[in-house]
Amino acid sequence: MKLKQLESLLGSLQQFDHPKAENSFGDLCDKVVADFGCGCGTLGLAAGLLGAEHVTGFDIDQESIEIATSNADELDLDIDFVQCDIRNLTLSDRHIDTVVMNPPFGTRKKGADMEFLSVALKVASRAVYSLHKTSTRDHIKRRALREYNASSAEVLCELRFDVPQLYKFHKKKEVDVAVDLWRFVPTSNQGRHL
Amino acid sequence: MRLLTHNMLSSNIKGLTSGFPLGIEVEKTEEKEVEMNADFLRNMFAKVEWKALVEAAKTLGYTELPDNVEPSMLDSDEFLRRFHHALLELHLEEGALVCPETGRKFPVNKGIPNMLLHEDEILLQ
């Protein structure tokens, strides 16, 4: 199950256009990057490969973090991992330049991805890269700009995930999900330490 | 877990005045060399909670960081090397992070702190 998960994530990673994040926006190279809901570490690892100076991955699940650790070892990347619930984590808003994340979409717990986005926009100084279902596009833009302190919210590209049956709550053998890759810019905070 | 990560974490138990900085209990540390990036360090200097970094480094056995600092020190290669070493090369592998107010321990295993709260520690929104 874990191998499949990694495969599917790596597959979609090719389409993530991380180089765009680096070339157009300089959000990764020499920066402090946080990966919220890092799972097997794919996004954080990609950030590391693209020159992030320091990456910390956050996830609630121990097994995922163990896999992420071994993935990092294989790529010879030094990534810190923290096991926690992002929604009640107290994190400095000064250290982290960029947040990258593939949050839970909220199919089981409604609004889970919005909670992740809210926290991400509080702690990132430069940018938040995040994946959300295309069907929620307008809703996301509105909330990000009005409630979550984003000064801009841009869909960089639309991706299609072929999600195989990974979890017990997945009812179908495979499902095709349209997903937006967003770049949010937080309104600058005055360096208050939470 | 590097001290840069430690420097950004706070205890998240409900009802605290301040959960920062987390104390450190050491069972095992490691040193892993990485290339120094002076520009990165100069950037981080303004963001890091210096006192917490010095204390954490001391707990991990590194006492070369000055207690008091000022920006002119960033011109010194020696200072940068020490800052780099404390921030990025010292790793807490086994031990615990300790809430400064309640003493509650967050265990650290294989370099990974477990900050998951018990139900009665979470502030209900």
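About the cut-offs
- Residues numbered from 1 in each chain as written.
- Chains lettered and ligands numbered in written order.
- Predicted model: local features only at pLDDT ≥ 70, side-chain atom pairs only at ≥ 80, totals over all residues.
- Heavy atoms only, no water.
- Helix = DSSP H or I, 4+ residues; strand = E, 2+ residues; numbered from the N terminus.
- Polar contact = N/O pair within 3.5 Å; in protein donor to acceptor, adjacent residues only side chain to side chain.
- Buried < 20%, exposed > 50% of the residue type's maximum accessible area, 1.4 Å probe, protein only.
- Lys, Arg positive; Asp, Glu negative; His and termini not counted.
- Salt bridge = Lys/Arg side-chain N within 4 Å of Asp/Glu carboxyl O.
- Contact = heavy atoms within 4.5 Å.
- Pairing = 2+ DSSP bridges.
- Axes fitted to C-alpha atoms, helices over the stretch in contact; angles between N-to-C directions.
- Buried area = accessible area lost by both parts, 1.4 Å probe.
- Nonpolar A, V, L, I, M, F, W, Y, C, P; charged D, E, K, R; others polar.

- Going by the annotation in an unreviewed UniProt entry, the name recorded for chain A is Methyltransferase-like protein 5, with Salvia splendens given as the source organism.

1. Focus: the environment of Glu-89 of chain B
Phase 1 of the analysis: Locating Glu-89 of chain B in the fold gives a position in helix α4 (residues 77–89).
Phase 2 of the analysis: Here the side chain of Glu-89 of chain B touches His-85 of chain B through a polar contact of 2.7 Å, side chain to side chain.

2. Topic: the side chain of Asp-35 of chain A
Phase 1 of the analysis: Among the structural elements, Asp-35 of chain A can be located in strand β1 (residues 32–36).
Phase 2 of the analysis: The side chain of Asp-35 of chain A is buried and forms no salt bridge, while Arg-2 of chain B, the nearest opposite charge, is found at 14 Å.
Phase 3 of the analysis: Looking at Asp-35 of chain A, its side chain comes within polar contact range of the main-chain nitrogen of Gly-44 of chain A, at 2.8 Å.
Phase 4 of the analysis: Those residues within four positions of Asp-35 of chain A in sequence are excluded, and the remaining contacts are Gly-41, Leu-43, Gly-44, Thr-56, Gly-57, Phe-58, Val-100 and Met-101 of chain A.

3. Digging into the sheet that holds strand β5 (residues 112–113) of chain B
Residue and element names in this part refer to chain B.
Phase 1 of the analysis: The strand order across the open sheet formed by four strands is β2-β3-β4-β5, and the pairing between neighbours is antiparallel. For this open sheet the edge positions go to β2 (23–31) and β5, each flanked by a neighbour on one side alone.
Phase 2 of the analysis: Looking at chain direction, strand β3 (residues 90–98) and strand β4 (residues 105–109) are connected through four bridges and run antiparallel. Across the sheet, the residue bridging to Val-98 is Lys-105, located in β4.
Phase 3 of the analysis: The sheet strands contacting α4 are β2 and β3, and the helix crosses β3 at an angle near 60°.

4. Things to note about the interface of chain B and chain A
Phase 1 of the analysis: Counting residues at the interface gives 30 residues for chain B, matched by 28 residues for chain A.
Phase 2 of the analysis: Both sides together, the interface formed by chain B and chain A hides about 2,500 Å², and carbon and sulfur atoms give 53% of it.
Phase 3 of the analysis: Taken together, the links from chain B to chain A amount to three salt bridges.
Phase 4 of the analysis: Here Asp-78 of chain A makes a salt bridge to Arg-2 of chain B, at a shortest N to O gap of 3.8 Å.
Phase 5 of the analysis: The interface formed by chain B and chain A holds 17 residue pairs in polar contact (both at pLDDT 80 or more) in total.
Phase 6 of the analysis: Those elements that provide at least two residues to the side of chain B that touches chain A are α1 (3–8), β1 (9–10), α2 (38–45) and β5 of chain B.
Phase 7 of the analysis: A per-element tally of the side of chain B that touches chain A places α1 of chain B first, with four residues.
Phase 8 of the analysis: A per-class count over the side of chain B that touches chain A returns 16 nonpolar, nine polar and five charged.
Phase 9 of the analysis: Sheet analysis places strand β4 (residues 90–91) of chain A next to β1 of chain B, joined by two bridges and oriented antiparallel. What sits directly across from Thr-90 of chain A, in β1 of chain B, is Ser-10 of chain B.

5. With respect to the sheet that holds strand β6 (residues 127–133) of chain A
All names here are of chain A.
Phase 1 of the analysis: If you walk across this open sheet you meet the seven strands as β3-β2-β1-β5-β6-β8-β7, and the pairing is mixed. Only two strands of the sheet have a single neighbouring strand rather than two, namely β3 (79–83) and β7 (150–164). Adjacent strand axes in the sheet meet at a mean angle of 20°, parallel and antiparallel pairs treated alike.
Phase 2 of the analysis: Note: strand β5 (residues 98–101) against β6, four bridges, orientation parallel. Residue Met-101 lies in a different strand from β6, and its bridge partner there is Ser-130.

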